[in-house]
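As a plain string of letters, each chain reads:
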Amino acid sequence: MEEQKKEESLKHLGEEEEEEEESVSESVRDLPSDAVKELLSEGVCARCIFRLFGLQGRVYASPPSISFLSSLSATTHQLCTLCFGILQFTYYSDDTQTLLQNQNLPLLIADTVKRHAYQFHTFSLEVSIPPIILNNDNSLRSYMKTKFGSQSWFQENLHTGCISTKDALKFSLIYPLEDLLECKSSMGNFRIRLTYTHTKASKGDQNRSDSAETCKRRKIGESNLVGEIPISNSLENDSSDGCEFLLEKANEPCHFTFFCYRTPFYFGGRYLKYSRNVSQTCWIIDDERMGEASVEEIIGGNILQACQGDGFKFHAAGREDIDVRMLGPGRPFLVEVQNARHIPSELFVKDVEKKINNMENKLVRVKNLKLVGSEGWDLMREGEAEKQKQYAALVWISRPLKDEDFQCISSHKDLKVLQRTPIRVLHRRSPLEREKIIHWMKIEAIAGSSQYFLLHLCTQAGTYIKEFVHGDLGRTYPSIGSILGCRAEILQLDVTDIKMECFLT
Ligand SMILES: [Zn+2]
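Procedures and definitions
- Residues numbered from 1 in each chain as written.
- Predicted model: local features only at pLDDT ≥ 70, side-chain atom pairs only at ≥ 80, totals over all residues.
- Heavy atoms only, no water.
- Donors = N, O, S within 2.8 Å, 3.2 Å for Na, K, Ca; no water.
- Tetrahedral: all angles 85-135°; square planar, octahedral: opposite > 155°, others 65-115°.
- Buried < 20%, exposed > 50% of the residue type's maximum accessible area, 1.4 Å probe, protein only.
- Helix = DSSP H or I, 4+ residues; strand = E, 2+ residues; numbered from the N terminus.
- Salt bridge = Lys/Arg side-chain N within 4 Å of Asp/Glu carboxyl O.
- Axes fitted to C-alpha atoms, helices over the stretch in contact; angles between N-to-C directions.
- Parallel < 35°, antiparallel > 145°, perpendicular 65-115°, else oblique.
- Left-handed = near helix turned anticlockwise from the far one by under 90°.
- Contact = heavy atoms within 4.5 Å.

Caption draft 1: How the structure looks around the coordination of the zinc ion. For the zinc ion, the full set of protein donor atoms is Cys45 (SG), Cys48 (SG), Cys80 (SG) and Cys83 (SG), at a range of 2.2 to 2.3 Å. What the 4 donor atoms of the zinc ion show is an angle range of 105 to 117° at the metal, which sorts the shape as tetrahedral. Sequence positions of the residues that donate to the zinc ion give the spacing C-x2-C-x31-C-x2-C. Here the two residues Cys45 and Cys48 agree in accessibility, since each one is buried.

Here it is as structure tokens:
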């Protein structure tokens, strides 16, 4: 039953294709034969003729239509005078250093793409062609106007317009590629980039720089030295004398190279760091690694390996020192993976998260790992500017803790603190004085200890916490030491919360 249905729909599809093929060849047969012959004798290729008449779609990938048109001409031209072989699939291959003629380009591209083992559900073509080809198009259009302007088909063509070499190439490749790659073409993250270049400098480029020169001269004030320069290339306004074929002849085809790639994937989440010997990013001084690992390598490395990408970038919303743990809900981060071969599914992302969290050493953990859009980086940066951070610090003071200290510390709300750049970072940060806000703080006693306590505090982003505790030889004022009127030292610090209005919550 199912089989039968499938067969019927296949048959139906086949009929549709046949119908389409028929209407394609009809549209080719309908082209004005005198104009077609004229163009063929000028060495214009079949696909270029299609595009000059504004044809679109499958006709560019239809061998019968192409051979029908070519059969109208007695002479066969080697290289199209208009597209320099681009639409004939003739090119000089930069990869193999050979001249290739009438190649089965879609097959070549499909084979290469398959060899690279990308996972993809759609593909999109990116085409770059040399400016000399655009100039040829413009010259030919004015030639056509002079030659055929009075004919009715030309009047109609004015409305449909010509198809650019770039779009014609896409029409020529997309249909066969969809069959060969067994998926549809649409703007997705998997791209095939085709680059054509030509050694011959474009006359049009020369003209453009000439007119730029002229404008400059005019600005200086020597007006009326030269006449008006026609700057418009449009059919309607082009008044240049087009009797002469203005094509820039070239006997060399374009150089061609192509490659495929994936646009970056972004993974967002929050990380926790349980070790006081793990830096946020890979930290190497004089070939010696600081700490036993880094958050960047643990998270980024695992994601990269799972995606089979070429590389990754790690971005976090702020940072903590190597000896500070990151607890609570964690710190937001993004990992950008370049040129991934695998497409991460939701299940895949969960598996990566599990893998990181089940690592034996338990140095780092991730939460809420998910795929985010490329806007993730901006969102994170915006959120970072307005974030508040909470800490827990283990503090020692030079005298026993008194009852009134609890009240004294927690009475400070939105305390303004002046911080000169800390001595420990002066070698890499410029000396500045910044005002930061301590939103609130409180003391938690440690049973059986009179000179040690836990200090909980919530501060504005960018506050130096260690310095706020010990005062940094007076460079931070006020400080816990100055408020309590004694020496204060910080022994351990943890980040316990980062409040951020951000997608990574
Ligand atoms: Zn051509």
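Caption draft 2: How the structure looks around unusual backbone geometry. Here the bond from Tyr477 into Pro478 is cis, since omega is -10°, no more than 30 degrees from zero. By the element assignment, Pro478 lies in the loop between β19 (476–477) and α15 (480–484).

Caption draft 3: The arrangement of the pattern of salt bridges in detail. In total, this model carries 18 salt bridges according to the counting rule given. The closest approach of N and O atoms between Arg424 and Asp321, which form a salt bridge, is 3.1 Å. Residue Arg424 is found in the loop between β16 (415–420) and β17 (433–445), and its partner Asp321 is found in the loop between β12 (311–316) and β13 (324–338); the two are separated by 103 residues along the sequence. Residue Asp321 is classed as partly exposed on the basis of its relative accessible area of 28%.

Caption draft 4: Highlighting the packing of helix α2 (residues 33–41) against helix α6 (residues 131–148). Remark: α2 packs on α6, axes separated minimally by 12 Å, with the N-to-C direction vectors making an angle of 140°. The pairing of α2 with α6 is recorded here as oblique in orientation. The chirality of how α2 crosses α6 is right-handed. Contacts between α2 and α6 involve Ala35, Glu38 and Leu39 from the first element and Leu140, Tyr143, Met144, Lys147 and Phe148 from the second.

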